[in-house]
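If you want the building blocks of each chain, they are given just below.
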Amino acid sequence: MQQPEPQSFDRVLSSMCTEPHPAAREAAERFLATNPGDPATYEAVASLEERAVELLATLADHPTPTDAAGYVTSGGTEANVQAVRSARNRHDAGDVNVVVPESGHFSFHKAAELLDVELRTVPVDDDFRARTDAVEAAVDDATALVVGVAGSTEYGRVDPIPELARIAHEAGARMHVDAAWGGFVLPFADAEWSFGDAAVDTLTIDPHKFGQAAVPAGGLLARDDAALDALAVDTPYLETRSQATLTGTRSGAGVAGAVAAMEALWPDGYLDAVERATANAEWLAAALGDRGYDVVDPELPLVAAALPESEFDALREAGWKVSRTGRGELRVVCMPHVTREALRAFVADLDRIRE
Ligand code: PLP
């Protein structure tokens, strides 16, 4: 059978993944047959993973990047599940709860179900950020984890992380930041989100999103080893004694690609990408605003605007890969592969549809 062509990125406006950097592509292919889940056998990729954690910790302003705990996950979902699991395992109460703003990614629902913890979802304010009064009201002695989002999936918003961390710790809970998408943008933005800005315990930051690594490469970071120790199980048939990851065999391609992308792009290449994406998001928001649509002011390079369903459907019909927020707004993620030319063609198609 003839193989289908993979999806071209030309008209992809909804994805949080992007075209991998050429160095990431090459490194991923070289390490395709390696397994960082067995570090005593696959030593080269195991040391690359240490480098990946150090680089991620540098981006997330960890106080001592060379000592940061963490690993390269299969994606943001695994990192979030593991953060919930670690906090649950470290908490004294038998039945624990996790407090998540309603803007939190659906991976927290998976985590709660898998781990049998209660998920307390709290409302966001008019600007789609976690309401600290609601979080304060939701926490109690059985709260194991408070989650803040740094770059929300629908609107690209950053929750008030330092305040959420204070609330978490006063309640005896741990603080997790989900910067799966935002983590490669926020080092260049004026926001408080990182280990350096707040008493964050664990943090999700995915190279396979804005980091331009090859899929699968997510990232879980922790302030100290205890967070990962709480995840470790014995591994009798391996030469290493324990394993803290969720999956056993893992992608060496993901690890090698992540390191290659970060070494090629941090910091100047990422800064360029963020500046281009931000200018594109502002351009698109203005173009949609000029046409009379209600636009959610983009803070990070993600634009949401209220479009009639018929126009949304016609754009999909024209081949544009766009998606909608839970409230039904059009959502365009200005990833590194999204060019101004593509956005101009998109707006031209919209004008044609509106005629
Ligand atoms: N967290 C956030 C904020 C996300 O936007 C996403 C996905 O878009 C995830 C977690 C889940 O990441 P993944 O799809 O890599 O599992």
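Residues numbered from 1 in each chain as written. Predicted model: local features only at pLDDT ≥ 70, side-chain atom pairs only at ≥ 80, totals over all residues. Heavy atoms only, no water.

Another point: the domain arrangement of the chain. Splitting the chain by domain gives domain 1 (22–265) and domain 2 (267–354). Inter-centroid distance (C-alpha atoms) of domain 1 to domain 2 is 28 Å. Across the contact, 24 residues belong to domain 1 and 25 residues belong to domain 2. Remark: the boundary between domain 1 and domain 2 carries two salt bridges. Here Glu299 ties to Arg129 by a salt bridge, and the two come within 2.4 Å at their closest N and O atoms. Taken together, the residues of the side of domain 1 that touches domain 2 sort by class into 13 nonpolar, six polar and five charged. (Domains from an automatic or database assignment. Contact = heavy atoms within 4.5 Å. Salt bridge = Lys/Arg side-chain N within 4 Å of Asp/Glu carboxyl O. Nonpolar A, V, L, I, M, F, W, Y, C, P; charged D, E, K, R; others polar.)

With that out of the way, let us pick up the sheet that holds strand β2 (residues 97–101). Pairing in this open sheet of seven strands is mixed, and the strands run β1-β7-β6-β5-β4-β2-β3 from one edge to the other. Single-partner strands in this sheet number two, and they are β1 (69–73) and β3 (118–122). Each strand axis lies, on average, 20 degrees off the axis of its neighbour in the sheet, ignoring direction. Taken strand by strand, helix α4 (residues 107–115) contacts β2, β3, β4 (143–149) and β5 (174–178), and its axis lies near 155 degrees from that of β3. (Pairing = 2+ DSSP bridges. Helix = DSSP H or I, 4+ residues; strand = E, 2+ residues; numbered from the N terminus. Axes fitted to C-alpha atoms, helices over the stretch in contact; angles between N-to-C directions.)

Now for the packing of aromatic side chains. Overall, the coordinates contain five aromatic pairs when judged by the stated rule. Judged by centre distance (5.8 Å) and plane angle (40 degrees), the rings of Phe188 and Trp266 are tilted. Taken together, the residues Phe188 in the loop between β5 and β6 (202–204) and Trp266 in the loop between α8 (252–265) and α9 (268–290) connect sequence positions 78 residues apart. Among the residues examined, Phe188 registers a relative accessible area of 28% and is labelled partly exposed. Seen in terms of ring centroids, Trp320 and Phe346 are 5.2 Å apart; in terms of plane orientation they differ by 80 degrees. Their pairing is edge-to-face. Of this pair, Trp320 sits in the loop between α10 (309–317) and β12 (323–324) while Phe346 sits in helix α11 (residues 340–354), and the two are 26 residues apart along the sequence. According to the relative accessible area criterion, Trp320 is buried, its value standing at 2%. Residue Phe346 is classed as buried on the basis of its relative accessible area of 0%. (Phe/Tyr/Trp six-rings, centres within 6.5 Å; stacked < 30°, edge-to-face > 60°. Buried < 20%, exposed > 50% of the residue type's maximum accessible area, 1.4 Å probe, protein only.)

In the numbering used here, UniProt assigns the "modified residue: N6-(pyridoxal phosphate)lysine" (unreviewed entry) feature to Lys209. Inspection of the secondary structure puts Lys209 in the loop between β6 and β7 (218–222). Residues within four places of Lys209 in sequence aside, it is in contact with Met16, Cys17, Thr18, Gly76, Ala180, Trp181 and Met335. (UniProt positions renumbered as here; feature names shortened; annotations may be inferred.)

One recurring pattern in soluble globular proteins: nonpolar side chains tend to sit buried together. If you look at the biggest cluster of nonpolar residues, it comprises 86 residues, and the most contacted ones within it are Leu203, Phe210, Leu221, Val322, Val332 and Phe346. Top element by residues in this core is α9. It accounts for nine residues. Each of two domains, domain 1 (22–265) and domain 2 (267–354), supplies a minimum of three residues to this core. Excluding residues that lie within four positions of it along the chain, Val332 makes contacts with Leu13, Leu284, Pro301, Leu302, Val303, Val322, Leu343 and Phe346. (Core = buried A, V, L, I, M, F, W, Y, C linked by side-chain atoms within 4.5 Å.)

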